[in-house]
Amino acid sequence: MKQVGFYYDQTRCSGCKTCQVACKDKNRLEVGTVLREVRSYQVGTFPSVKMYHFSAACNHCQVPACKDVCPVGAITKDEDDGTVVIDHEACIGCSSCVNACPYSVPRIDEASGLSYKCDGCIELRKQGYQPACVEACPYRALDFGDVEELQQRYGADLVTSLPAMGEGKTGPNTYIKPRPVALDGLGVPITL
């Protein structure tokens, strides 16, 4: 089976949150609910302070923890390309997926009471487009596609885990070109 995922060039990311806004707009999300979230971190102390940004969305894992705990089978892994999706007709809003995901990706939407997460803009991709966050990034720090092709295109030195992601054994399909400071440790979350 083909497996899709994200590529994220952290060295290009300015933390502008254009990807986050594009995702909110495309998905018509209310205030407070985000499916792609840009977070910023400070590492070190004065006078040696460094900062980095991390743009996070669903990793469309090889073995999605969210899927395995859903009591009604509302979360599935697409047979064609491995995208992890939620059927909102079946979702009961129980938060099992929210609690199981090691990356804190699924969120309960306050308005509907249902669980939401990135689906890689699967409907846009069926029309030949990239996900909204990828299309919107002014620095071209994001890409989406077959993970083997992404690895070939962007190199073998990519990582699939950073302290900012959280830790899990689910086989995340987000390939990252990291800033060295992001590998050193999580740091302190900051608001810009």
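Residues numbered from 1 in each chain as written. Predicted model: local features only at pLDDT ≥ 70, side-chain atom pairs only at ≥ 80, totals over all residues. Heavy atoms only, no water.

- In the annotation of an unreviewed UniProt entry, the protein chain is listed under the name 4Fe-4S ferredoxin and assigned to Eggerthella sinensis.

### Overview of the layout of surface pockets
And step 1. Estimated volume of the largest pocket: approximately 300 Å³.
And step 2. Lining the largest pocket are 22 residues; nearest its centre among them are Lys26, Asn27, Lys117, Cys118 and Asp119.
And step 3. Elements with a contribution of two residues or more to the lining of the largest pocket: helix H1 (18–27), strand S5 (84–86) and helix H5 (132–136).
And step 4. At three residues, H1 tops the list of elements feeding residues into the lining of the largest pocket.
And step 5. Here the residues of the lining of the largest pocket sort into 14 nonpolar, three polar and five charged.
And step 6. For the second largest pocket, the calculated volume is near 190 Å³.
And step 7. Along its surface, the second largest pocket is lined by Lys17, Gln20, Val34, Glu37, Val38, Arg39, Ser40, Tyr41, Pro189, Ile190, Thr191 and Leu192.
And step 8. If you list the elements that add at least two residues to the lining of the second largest pocket, you get strand S2 (37–45) and strand S10 (188–190). (1 Å grid on protein atoms, 1.4 Å probe; cavity = no way out; pocket = protein on both sides within 12 Å on 5 of 7 lines; lining within 4 Å. Points joined across faces, edges and corners; volume = space filled by probe spheres on them. Helix = DSSP H or I, 4+ residues; strand = E, 2+ residues; numbered from the N terminus. Nonpolar A, V, L, I, M, F, W, Y, C, P; charged D, E, K, R; others polar.)

### Details of the sheet that holds S2
And step 1. Within the open sheet, the three strands sit side by side as S3-S2-S10. Their pairing is antiparallel. Single-partner strands in this sheet number two, and they are strand S3 (48–56) and S10. Across the sheet, the axes of successive neighbouring strands diverge by a mean angle of 35°, strand direction being ignored.
And step 2. Across nine bridges, S2 lies against S3 in antiparallel orientation. (Pairing = 2+ DSSP bridges. Axes fitted to C-alpha atoms, helices over the stretch in contact; angles between N-to-C directions.)

### What to know about the sheet that holds strand S1 (residues 4–9)
And step 1. An order of S8-S1-S9 is seen for the three strands of this open sheet, with the pairing classed as mixed. Two strands bound the open sheet, and with one partner strand each, they are strand S8 (142–146) and strand S9 (174–177). With direction set aside, neighbouring strand axes in the sheet form an average angle of 20°.
And step 2. Pairing of S1 with S8 involves five bridges; the strand directions are antiparallel. The residue bridging Tyr8 from the neighbouring strand is Leu142, located in S8.
And step 3. Helix H6 (residues 147–154) rests against S1, S8 and S9 of the sheet, and its axis sits at about 130° to S8. (Contact = heavy atoms within 4.5 Å.)

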